[in-house]
Protein chains: 2
Amino acid sequence: MKEFSTFQGPVTLAHGAGGRLSHRLVADFAQIFNNPLLAPLADAALLNLAAGRFAFTTDSHVISPIFFPGGDIGRLSIFGTVNDLAVMGARPLYLSCGLIIEEGFSRDDLQRVVRSMAQAADEAGVKVVTGDTKVVECGKGDGIFINTAGIGLITAGEDLCGEAPEPGDQVLITGTLGDHAVAIINAREGLRFEADIASDCAPLSNLLMPLLKICRGVKWMRDPTRGGPAAILNEFVMNRPFGIELEESTLPIKPAVRSICELLGFDPLHLANEGKAVMVVRGKDCDKALALLRGNELGRDAAVVGRIVAKPSGRVVMKTLIGGLRVIDLPAGDLLPRIC
Amino acid sequence: MKEFSTFQGPVTLAHGAGGRLSHRLVADFAQIFNNPLLAPLADAALLNLAAGRFAFTTDSHVISPIFFPGGDIGRLSIFGTVNDLAVMGARPLYLSCGLIIEEGFSRDDLQRVVRSMAQAADEAGVKVVTGDTKVVECGKGDGIFINTAGIGLITAGEDLCGEAPEPGDQVLITGTLGDHAVAIINAREGLRFEADIASDCAPLSNLLMPLLKICRGVKWMRDPTRGGPAAILNEFVMNRPFGIELEESTLPIKPAVRSICELLGFDPLHLANEGKAVMVVRGKDCDKALALLRGNELGRDAAVVGRIVAKPSGRVVMKTLIGGLRVIDLPAGDLLPRIC
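On a predicted model such as this, the values are computed, not experimentally measured, just so you know.

Visitor: Got a sec to walk through the pattern of salt bridges? Specific residues and values, please.
Guide: Residues and elements named next belong to chain A. If you walk through the whole model with that rule in mind, you get 52 salt bridges over all chains. Residue aspartate 329 is joined to arginine 315 by a salt bridge in which the shortest nitrogen-to-oxygen separation is 4.0 Å. Of the two residues, aspartate 329 sits in the segment after β14 (325-328) while arginine 315 sits in the loop between β12 (303-309) and β13 (316-319), which places them 14 residues apart along the sequence. Residue aspartate 329 is classed as partly exposed on the basis of its relative accessible area of 35%.

Here it is in structure tokens:
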């Protein structure tokens, strides 16, 4: 991996001021990202696109701590946007990168984060083609915040099938719940459980694009980040003529994650994931989808966790382990600040 | 203008946590931005694009103070990205918006900023189609930071002419220098000169797209933000077989800006602008370009300020008022932190 060639000492306000040091820092970034679309370092990247349907999204990342088991803010900032594109059925192509750095941030940490972004972009098959760097005074930020925006291509035959969800459709999740949130909780000062839990931070495009190409019965997908599956499923069914019934016994949750949730009183359905998708699949295509997902390393713990139901419409309910029916609501309050 | 319908009190961490309050806040934003591409509030906006050449860019805005004469961080965040597209010869189409808000930020200020973004987007003819909101703890940010990324369309016949710059080409600037920087200096606590100077914050697409359509001799453009014309002109000529010679007597600078620069020891060529472009135009098209620029309210103070020269190559020099030749270098150090 390339080194910062010209940059010494911690980040200073001058690195964001548009002069000599900014110019050199940007040249160092370009060397690490190393692609011909970024290389001209113009005010915008020039892209030749064929006619088609595209997805465009953005995500800022303010996670604390910035390095954690299973990832760092750099990987997260690439995969966060890659995943938002992938769940829309779009193949991620191009990313922008906006850094907001606090004065005094370490050169080595910055280099580690930027290299990590470059490696993550390679893993996801996307290119970081344009960027911006701002520096704020010490005490007016928190180390580093990273925004990425992304453009993805939706190709007919590799996209969502476009059919309306209906009773009989199944709800799948591509793997275990809550790993990211619990890894972050665990990494935060004062909460160090002796558990070997890593963030699930991963590029979902590498799992979902091959699925969509072969299984044409996928009707809807989302990645359950902040607010977890509870938030996205509620947003999905809100004011719709159907609801969702989850089956608690089928939720894939690692034992260590389950223990920490019980200890701290967290509901795994409220916790953030960074490499999982929740999807609604036609009933008859469910087995095929499950097999395809499980055949991929990123989906090996995939499970059917519920179904679309006619009633109660607009709500998410869950059959609990003891046989009751519990309403799963939108999470209220701030469960875990700065989880992504 | 639409009001926040559900949001009371200051911003809390829960507004960024992905649950109920996040959901409502995002619905309020969507109502203010009010366009059908954003309205689904999916993980990404879906765009139908014709085949073509596009520009893609991003800018984060961390300006302090966030409200200032002539604009605010909201307008700046829209025009900043619009202008980066416009100087590449791209008509701005779609913008993303990533907000990083400090806990405790005022509801009214947030509403004012978001409304201002919506109005600025209307003025520039762009749509904010996707967004993200994060909240960081009090003391870990500074009010509000805004990232925008943007996609613009480059149309043959309305773009840069693609010819290499050569001696005889003229350097134009579309208006007075340094207004934005001086307005911000003036608005900052402790530096209140009694001058009536407003930021030049404006959407350059409304000036440059009509110019490019009629005048086909524009070879290069940039907007001189951080680092001012000194930075962009040096980046332009660096390692090229030509240089630039500026003529100090022709630089358009408002008297009040000039006075404050003299008082504080600032070089107007180093100061940020937010509604100006610097361009290189074929010698024979220069009069036409100047007339077109001056016929537009955004370009009424346009001037020819220099020319492309064979020597010294790779450098920017300036004929001073007293007849000397001064090297204009890349600015060093941090002139004015958080100017945009």
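Visitor: I'd love a proper account of the environment of isoleucine 328 of chain A, names of residues and values included.
Guide: Residue and element names in this part refer to chain A. With respect to the secondary-structure elements, isoleucine 328 resides in strand β14. For isoleucine 328, a relative accessible area of 1% corresponds to the buried category. The sequence separation of isoleucine 328 and leucine 269 amounts to 59 residues, and the corresponding C-alpha distance is 8.4 Å.

Visitor: Explain helix α4 (residues 179-187) of chain B to me, and be specific about the residues and the numbers.
Guide: For α4 of chain B, the tally of buried residues reaches nine of nine residues, placing the bulk of the element in the interior. The inward-facing, buried residues of α4 of chain B contact β3 (67-68), α2 (73-86) and α7 (255-264) of chain B.

Visitor: Any details on the side chain of histidine 61 of chain B? Residues and values, ideally.
Guide: Residues and elements named next belong to chain B. With respect to the helices and strands, histidine 61 occurs in strand β2 (residues 52-61). A distance of 3.4 Å separates a polar side-chain atom of histidine 61 from the backbone oxygen of leucine 76. When near neighbours in sequence (up to four residues on either side) are disregarded, histidine 61 contacts Ile73, Leu76, Ser77, Gly80, Ile144, Phe145, Ile146, Thr148 and Cys340.

Visitor: Describe the packing of aromatic side chains, and please don't skip the residues or the numbers.
Guide: All told, the structure shown has eight aromatic pairs over all chains when counted by the stated rule. Both rings, one in tryptophan 220 of chain B and one in phenylalanine 236 of chain B, keep their centres 3.9 Å apart while their planes meet at 20°; by these two values the pair is stacked. On the criterion of sequence distance, the pair formed by tryptophan 220 of chain B in strand β9 (residues 218-222) and phenylalanine 236 of chain B in helix α6 (residues 228-237) is long-range, its members being 16 residues apart. Here phenylalanine 236 of chain B and phenylalanine 242 of chain B contribute two aromatic rings whose centre-to-centre distance is 5.5 Å and whose plane-to-plane angle is 55°, an arrangement assigned as tilted. In this pair, the class of phenylalanine 236 of chain B matches that of phenylalanine 242 of chain B, namely buried. Members of the aromatic cluster, connected to one another through ring pairs, are Trp220, Phe236 and Phe242 of chain A. Looking at arginine 112 of chain A, its charged tip hangs above the ring of phenylalanine 67 of chain A, at a distance of 3.6 Å from the centre.

Visitor: I'd like a description of empty space enclosed by the protein, backed by residues and values.
Guide: One pass over the full model with this rule turns up five cavities of 30 Å³ or more. In this structure, the largest cavity occupies an estimated 140 Å³ of space. Together, 17 residues line the largest cavity, and Arg226, Leu336 and Ile339 of chain A together with Gly16 and Ala17 of chain B are the ones closest to its centre. Across the lining of the largest cavity, the residue classes tally to 11 nonpolar, three polar and three charged. In this structure, the second largest cavity spans a volume of roughly 80 Å³. Of the residues that constitute the lining of the second largest cavity, the class distribution is eight nonpolar, one polar and three charged.

Visitor: An account of the sheet that holds strand β10 (residues 243-247) of chain A is requested, with residue identities and associated values reported.
Guide: All names here are of chain A. The sheet built from seven strands is open, its strands ordered β9-β11-β8-β12-β10-β13-β14 with mixed pairing. Looking at the sheet topology across the chains shown, the edges are occupied by β9 (218-222) and β14. Pairwise comparison of adjacent strand axes, ignoring direction, gives a mean angle of 25° for this sheet. In the packing of helix α5 (residues 205-214) onto the sheet, the strands contacted are β9 and β11 (278-281), and the crossing angle to β9 comes to about 170°. Along the sheet, helix α6 (residues 228-237) contacts β8 (170-173), β9, β10, β11, β12, β13 and β14; its crossing angle with β10, the most-contacted strand, is approximately 150°.

Basis of the calculations
Residues numbered from 1 in each chain as written. Chains lettered and ligands numbered in written order. Predicted model: local features only at pLDDT ≥ 70, side-chain atom pairs only at ≥ 80, totals over all residues. Heavy atoms only, no water. Salt bridge = Lys/Arg side-chain N within 4 Å of Asp/Glu carboxyl O. Helix = DSSP H or I, 4+ residues; strand = E, 2+ residues; numbered from the N terminus. Buried < 20%, exposed > 50% of the residue type's maximum accessible area, 1.4 Å probe, protein only. Contact = heavy atoms within 4.5 Å. Polar contact = N/O pair within 3.5 Å; in protein donor to acceptor, adjacent residues only side chain to side chain. Phe/Tyr/Trp six-rings, centres within 6.5 Å; stacked < 30°, edge-to-face > 60°. Lys NZ or Arg CZ within 6 Å of the ring centre and 35° of its normal. 1 Å grid on protein atoms, 1.4 Å probe; cavity = no way out; pocket = protein on both sides within 12 Å on 5 of 7 lines; lining within 4 Å. Points joined across faces, edges and corners; volume = space filled by probe spheres on them. Nonpolar A, V, L, I, M, F, W, Y, C, P; charged D, E, K, R; others polar. Pairing = 2+ DSSP bridges. Axes fitted to C-alpha atoms, helices over the stretch in contact; angles between N-to-C directions.

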